[in-house]
Amino acid sequence: MGLLMKAKLTAILLVIFLSACTTMSKEKCQGQDWQLYASQKFSNSPASFSSINSMAHEACKEHGISPTLEELKAGYIEGIKSYCTPRNIWERTLKGEDVVINYCPASVRANLKKVSVSAKDVYHLEQLEEEIVEKQNSLNTLQHEMYRIESDLQAKYAARAPQHEIDSLIASLNSKRAEILNAQNDLSQKHLKASQLRRRANKYQRYN
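Residues numbered from 1 in each chain as written. Predicted model: local features only at pLDDT ≥ 70, side-chain atom pairs only at ≥ 80, totals over all residues. Heavy atoms only, no water.

1. Quick look at the pattern of salt bridges
Here comes step 1: This model, assessed by the stated rule, comprises 10 salt bridges.
Here comes step 2: Of the charged contacts, one joins Glu91 and Arg87 as a salt bridge, the two residues approaching to 3.7 Å between their closest N and O atoms. Of this pair, Glu91 and Arg87 both sit in helix 6 (residues 86–94), four residues apart, which is roughly one turn of the helix.
Here comes step 3: The partly exposed category is assigned to Glu91, whose relative accessible area is 36%.
Here comes step 4: A salt bridge links Glu179 to Lys176; the shortest N-O distance between them is 3.5 Å. Separated by three residues within a single helix, Glu179 and Lys176 lie in helix 8 (residues 163–201), roughly one turn from each other.
Here comes step 5: Residues joined in a network through salt bridges with shared partners are Glu145, Lys176 and Glu179. (Salt bridge = Lys/Arg side-chain N within 4 Å of Asp/Glu carboxyl O. Helix = DSSP H or I, 4+ residues; strand = E, 2+ residues; numbered from the N terminus. Buried < 20%, exposed > 50% of the residue type's maximum accessible area, 1.4 Å probe, protein only.)

This is the structure in structure tokens:
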């Protein structure tokens with residue numbers, strides 16, 4: 001697909017998106033608080049002022065109602081102030097949300113980036129700790145299965161069972177031991193990764 005075709009397709013999709021997702025009823029357009037509109041738009045999905053301005057105009061275009069530019073600008077600034085804070089970025093990232101800091105003031109982006117990275121570490125750490133619990137439970141189950149096979153094998157030896165039965169249990173025992181070894185290695189790696197994530201996240205724990 002050529003660049004011109006891609007550009008046309010992007011423009012068409014943008015028009016469809018704006019018309020499908022932002023159209024309001026006439027009554028809502030007449031009573032709309034455009035300052036609140038812009039503030040909520042930015043807080044929910046950070047974007048440039050021109051994008052939010054376009055969405056606002058498109059929302060009530062068919063009713064011949066235009067938003068107030070001053071109110072949109074004031075709301076946009078409010079949205080930036082509420083969104084672009086360390087606590088907000090921390091909490092949103094900790095919930096698994098993808099935060100966007102490109103539209104935040106340049107003076108705070110570096111710090112917000114650090115907060116976001118740290119929060120991602122905490123988020124992944126929480127998931128990893130759940131995996132560790134599951135892996136430990138799985139390992140415990142494998143060990144109990146190994147003990148059962150060892151007990152069965154001892155019973156077979158004591159009963160002078162046929163060699164093929166003994167060989168079958170030995171093969172099962174070796175297979176189970178290999179499973180346990182793999183599970184132990186996996187668990188060790190998860191513990192190591194969790195330790196690394198904890199160290200990296202400690203600096204910004206105060207936002208939790």
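Once the structure has been displayed, the description carries forward.
2. A short note on a negative patch on the surface
Here comes step 1: Together, Asp33, Glu70, Glu71 and Glu78 give the surface a local cluster of negative charge.
Here comes step 2: Relative to the assigned elements, Asp33 resides in the loop between helix 2 (26–31) and helix 3 (34–44). (Patch = residues over 30% accessible without salt bridge, like charges linked within 9 Å, V, L, I, M, F, W, Y side chains within 5 Å. Areas by Shrake-Rupley, 256 points an atom, 1.4 Å probe, with all protein chains shown as cover. Lys, Arg positive; Asp, Glu negative; His and termini not counted. Charge placed at Lys NZ, Arg CZ, Asp CG, Glu CD.)

3. Points about the environment of Ser195
Here comes step 1: Examined against the element boundaries, Ser195 turns out to sit in helix 8.
Here comes step 2: According to the relative accessible area criterion, Ser195 is partly exposed, its value standing at 27%.

4. Notes on the packing of aromatic side chains
Here comes step 1: This model, assessed by the stated rule, comprises four aromatic pairs.
Here comes step 2: Ring geometry for Phe42 and Tyr83: centres 5.8 Å apart, planes at 90 degrees, overall edge-to-face. Taken together, the residues span a long stretch of sequence, with Phe42 in helix 3 and Tyr83 in helix 5 (residues 69–83) at a distance of 41 residues. The exposure classification of Phe42 matches that of Tyr83, with both residues buried.
Here comes step 3: Taking the centre distance of 5.4 Å and the plane angle of 80 degrees together, the rings of Phe49 and Tyr76 count as edge-to-face. Residue Phe49 is located in helix 4 (residues 49–59), and its partner Tyr76 is located in helix 5; the two are separated by 27 residues in the primary sequence.
Here comes step 4: The class of Tyr76 is buried, set by a relative accessible area of 11%.
Here comes step 5: Grouped by ring-pair contacts, the aromatic residues Phe42, Phe49, Tyr76 and Tyr83 constitute a single cluster. (Phe/Tyr/Trp six-rings, centres within 6.5 Å; stacked < 30°, edge-to-face > 60°.)

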